[in-house]
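Residue-level listing of the chains:
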Amino acid sequence: MELAKKYDFELIENKWKETWKTKGTYKFDKKSKKPIFSVDTPPPTVSGSMHIGHAASYSQQDFFVRYQRMKQNNVFFPFGTDDNGLPTERLVEKLKKVRSKTMGRGEFIDLCQETIKEIKPSFVKDWRDIGMSCDFETTYSTLDDHSIKTSQKSFLDLFEKKLAYQKSAPTMWCVSCQTAIAQAELEDKELDSTFNDVLFKVEDEDLVIATTRPELLAACVCIYVHPTDKRYKKIVGKKAKVPLFNHEVPIFADESADPEKGSGVLMVCSYGDKYDVEAITKRKVDPRIVFTKYGTLNALAGNYEGLKIKAARKQILDDLDSESLLLNKKSIKHSVNVHDKCGTEVEFLESKQWFIEVLKNKKKLLKSADKINWYPGFMKQRYLRWVEDLQWDWSISRQRHFGVSFPVWYCEDCGKPIMALEKQLPVNPLKDKPLTKCSCGSSKVIPEQDVMDTWATSSSSPQIILDWVKDKEGTYENVDFEKMYPMSLRPQAHDIIRTWAFYTIVKGIYNNGKLPWKDIAISGHVLSKNGRKMSKSVGNVVDPKKVLKENGADVLRFWSASAGLGKDILFNEEELRSAKKTITKLWNASKFALMHLKDFDSTKKIKLTDLDKGIISKFNKVIKESGEAFDSYEYSKSKFLTEGFFWTQFCDNYLEVSKDRLYNPSERGMGARLSAQYTLSYLLNGILKMFAPIMPFITEEIYSVYYSGIEKVDSIHLSEWPKYDKKLEDELSEKVWDKFISILEEVRQAKSQNNKSLKVEVDLEILEEDEILLRDSLDDLKAVTSANNVSIGKKTKTIF
């Protein structure tokens, strides 16, 4: 069996994807005695096709996993999809041209499930195509019965521990998605606005208040001035009349008013932001809620009832101006909180929601970061900053159709919540009934309508994939929660530290009393070649399918390894071209090497030359550094080391140096050829294995042709990672190699400067000390430099 003349990536990738699937190459072996390396694989959201950021970050996590497998660990690397939540709803609405809010809940849920079933095979294929070594036969969905059961058990456990609770309170609300949201779902967005000086009245005196939100005038419930602000001391304790709406509100002295901002007077409304919530609670004033959940104004807004928020803002400003109540209007840009799913400005509405308590446990959650190994280390600070800045408990209820149901009913008579029993999970309260009566004796119930936030389920991913609920069948028959929890690794992107990482840590500590994993590896984002964020509107989005079709998976993966862990990576076509050159060179170098290894008999006694011992010693150090880099998840460093050795030492130098011994055994002797064959085999095998985590397809093909039979291993990805051997260190032989290459480079340079072919014959002069050092290697030096004679001189000199 020989390598083809050219590397056909499409043919070879399809061949090995099918072979790996058929042979179960990446399947977890429960019976194995090897150490377990388990991965809490990120479940991508089924919301279309893979984007280039997915392709890069999932390739990067696959580098780690393939390395651990080659270190002879028993790898557990399942694959899941996040099928519930708003992104999936939006996709279904787009594909099926429907609106969830105009459909019956059951009808829309059925449509979502049908749509996911239709698109999932194609979606998952994208991950197979980039060469992910997941066990695709061990898959889960965040909306399958097992995941629902796990998520519901987690909730019941937290409720029992008084860590989950329900209350009616001002809650962050998206009027576009018409659901409550959590603090982690907020993004800052700079928007155009106006700073408006509006005229209030205190008795007969004018009071100017600057505001960016005149649509909240009807919701004004009190006014703050600073206690030390002499301008307003005489009005503290009095009441102010709100323009246009004419209701009166009390004036308080409070340090939250900033004398330097606007007029120094603060309008407190229900609710403009979290500070309004705090102020209204502190002053015990009755809120005036003027917004509906649909983003329109209600009857309290009088003439503005029914208007959308932005329309009301414009109309109120016009009316203030026409009644001479708008003294000044200044255009500004300011940062506002928007919903990360749709970009809509967030409002605060009074509503009853379910929460998980986090604020009381901030110290514990901060300390937990010290017990996890963060890669890279600076990402730990992002987690700490997020926890330190938390101001709200975790809101987990959503007013959506599609998601995991709360296992809760309410007593129709007394209103008390009734929890499902664990034995009846998974449960749908809209269809099922509780197994117990209410404590008041009533059996009449009202089902909970809300669903859980998608993060409330995906944050239980370790519990899902390790079968915390002990289903013990199908996908989960090979796992043991007690034995495998906590997991070895969580790989993920940096933008979801505040959500997936944080929430999973919360669930691990609360549900299981342990952190969910030992290591966390954080990837960066993909940026356009000029460093900008990729956006469809800008037109700089790269389709990974196109990259795969034109270049193959190994090229895309090689590019993904070009930036270090945690760093944003530029999409650079030059890096793709570099990857293609490396793949072509690896293929051709392997063809040359394997051609000369056909008759290699490794059982014969081999005496290595000084040169061969020198390059093996140097490669041994690369093996050590590369392994240490991968142990710290520094795949880009390993790639850099391997690529550098491959191009410079192996291809540019050793293949040329060894040719004479390989082609001319009758002149150089069989011992010299055998030494070259051994070295060639050793180096190529090591290079292939060190490239294998990054370029799995080409390395598998080359390995299968020669080394698989020798090592009796079906796949390079199951073979052993090259081992560093201190006994191979040979500083003297490395000096021989380095001096040899130094002279060779001088000869090459001299020929180039004189426009001579590298094959043109020359005479060489070298220093006496170099001649002594290279005495065992002079025949190789003559051959590779095409030198007729090598004599001693005062310096290295090439004579034409």
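Preceding this paragraph is the structure being described.
The following paragraphs examine the structure supplied in this document. (Residues numbered from 1 in each chain as written. Predicted model: local features only at pLDDT ≥ 70, side-chain atom pairs only at ≥ 80, totals over all residues. Heavy atoms only, no water.)

1. Focus on the overall build of the protein chain
Along the backbone of the protein chain there are 25 helices and 28 strands. Dimensions along the principal axes, computed over C-alpha positions, put the protein chain at roughly 110 × 65 × 45 Å. Relative to its 800 residues, the protein chain shows a buried fraction of 56%. Put simply, 78% of the contacts in the protein chain that link residues at least 6 apart link residues at least 24 apart. Only carbon and sulfur atoms are counted for the fraction: they give 48% of the accessible area of the protein chain, which is about 36200 Å². One finds the centroid of the 125 positive side-chain charges in the protein chain at a distance of 1 Å from the centroid of its 117 negative side-chain charges. (Helix = DSSP H or I, 4+ residues; strand = E, 2+ residues; numbered from the N terminus. Buried < 20%, exposed > 50% of the residue type's maximum accessible area, 1.4 Å probe, protein only. Contact = heavy atoms within 4.5 Å. Areas by Shrake-Rupley, 256 points an atom, 1.4 Å probe, with all protein chains shown as cover. Lys, Arg positive; Asp, Glu negative; His and termini not counted. Charge placed at Lys NZ, Arg CZ, Asp CG, Glu CD.)

2. Structural notes on the sheet that holds strand β27 (residues 787–792)
The mixed open sheet is built from three strands, whose spatial order is β27-β26-β28. The sheet is open, and its two edges are formed by β27 and β28 (797–799), each paired on a single side. With strand direction ignored, the average angle separating the axes of adjacent strands in the sheet is 20°. Against the sheet, helix α25 (residues 778–785) contacts β26 (762–766) and β27, and its axis sits at roughly 130° relative to β27. (Pairing = 2+ DSSP bridges. Axes fitted to C-alpha atoms, helices over the stretch in contact; angles between N-to-C directions.)

3. Some remarks on the environment of V404
Positionally, V404 belongs in the loop between β17 (397–398) and β18 (408–411). The exposure class of V404 is buried, given its relative accessible area of 1%. Taking the C-alpha atoms as reference points, V404 and L594, separated by 190 residues in sequence, lie 56 Å from one another. In this view, V404 contacts N84, T142, L143, I148, S151, Q152, V451, M452 and T457; residues no more than four positions away in its chain are not counted.

4. Let's talk about the nonpolar core
Ranked by internal contacts, the top residues of the largest apolar core, which has 112 residues, are I52, W559, F571, L586 and F650. With 10 residues, the top contributor of residues to this core is helix α18 (residues 635–663). Once residues lying within four places of it in the same chain are set aside, the contact partners of W559 are I52, A56, V526, I569, L570, F571, N572, E575 and L576. Core analysis: the next-biggest nonpolar cluster, separate from the first, contains 73 residues, W374, I396, F406 and W517 among them. (Core = buried A, V, L, I, M, F, W, Y, C linked by side-chain atoms within 4.5 Å.)

5. What about the layout of surface pockets?
The computed volume of the second largest pocket comes to approximately 570 Å³. Every residue lining the second largest pocket is counted, 26 residues in all, and those nearest its centre are E13, N14, K17, R128 and D129. Of all elements in the fold, only α1 (9–23), α4 (105–129), β4 (135–141) and α14 (544–551) reach the threshold of two or more residues within the lining of the second largest pocket. The element best represented in the lining of the second largest pocket is α1, accounting for eight residues. Residue classes in the lining of the second largest pocket are distributed as seven nonpolar, five polar and 14 charged. (1 Å grid on protein atoms, 1.4 Å probe; cavity = no way out; pocket = protein on both sides within 12 Å on 5 of 7 lines; lining within 4 Å. Points joined across faces, edges and corners; volume = space filled by probe spheres on them. Nonpolar A, V, L, I, M, F, W, Y, C, P; charged D, E, K, R; others polar.)

6. Comments concerning the pattern of salt bridges
According to the stated counting rule, one finds 54 salt bridges in the structure shown. The partner of K360 in a salt bridge is E357, with the nearest N and O atoms 3.8 Å apart. For K360, a relative accessible area of 69% translates into the label exposed. Where K621 meets E731, a salt bridge forms, and the shortest distance between an N and an O atom there is 3.1 Å. Placement of the pair is K621 in helix α17 (residues 610–631) and E731 in helix α23 (residues 731–753), with a sequence separation of 110 residues. (Salt bridge = Lys/Arg side-chain N within 4 Å of Asp/Glu carboxyl O.)

7. Comments concerning the packing of helix α2 (residues 52–70) against helix α15 (residues 553–560)
At a closest axis distance of 9 Å, the pairing of α2 and α15 adopts a crossing angle of 85°. As far as their axial angle goes, α15 and α2 are roughly perpendicular. Contact residues: α2 offers I52, A55, A56, S59, Q60, D62, F63 and R66, while α15 offers L556, R557, W559 and S560. Here the residues of the contact of α2 with α15 are counted per class, giving six nonpolar, three polar and three charged. (Parallel < 35°, antiparallel > 145°, perpendicular 65-115°, else oblique.)

8. Structural notes on the side chain of K153
Assignment of secondary structure puts K153 in helix α5 (residues 145–160). When neighbours within four sequence positions are excluded, K153 is seen to be in contact with E422, L425, W468 and V469.

9. A look at the packing of aromatic side chains
Aromatic rings in a pair are described by how distant their centres are and how their planes are angled relative to each other. Enumeration according to the criterion identifies 40 aromatic pairs in this entry. Ring centres of Y224 and F252 lie 6.4 Å apart, and the angle between their planes is 80°; this geometry places the pair in the edge-to-face category. Taken together, the positions of Y224 in strand β9 (residues 220–225) and F252 in strand β11 (residues 248–253) put the pair 28 residues apart, joining distant regions of the chain. Taking the relative accessible area as the measure of exposure, Y224 reaches 2% and is therefore buried. For F252, a relative accessible area of 21% gives the class partly exposed. Each ring, one from F646 and one from W647, has its centre 6.0 Å from the other, and the planes form 75°; the classification is edge-to-face. On the basis of relative accessible area, W647 is assigned to the partly exposed category, the value being 26%. Among the aromatic side chains, those forming a connected cluster through ring pairs are Y58, F79, F123, W127 and F136. Sitting over the face of the ring of F355, K167 holds its NZ or CZ atom 5.9 Å from the ring centroid. (Phe/Tyr/Trp six-rings, centres within 6.5 Å; stacked < 30°, edge-to-face > 60°. Lys NZ or Arg CZ within 6 Å of the ring centre and 35° of its normal.)

10. So, the sheet that holds strand β19 (residues 417–419)
Spatial ordering of the open sheet is given by β19-β18-β20, a layout of three strands whose pairing is antiparallel. Each of the sheet's edge strands pairs with one partner strand only, and the pair in question is β19 and β20 (445–447). Strand-to-strand twist in this sheet, taken as the mean axis angle between neighbours without regard to direction, amounts to 40°. With three bridges joining them, β18 and β19 adopt antiparallel strand pairing. Residue Y410 lies in a different strand from β19, and its bridge partner there is P417.

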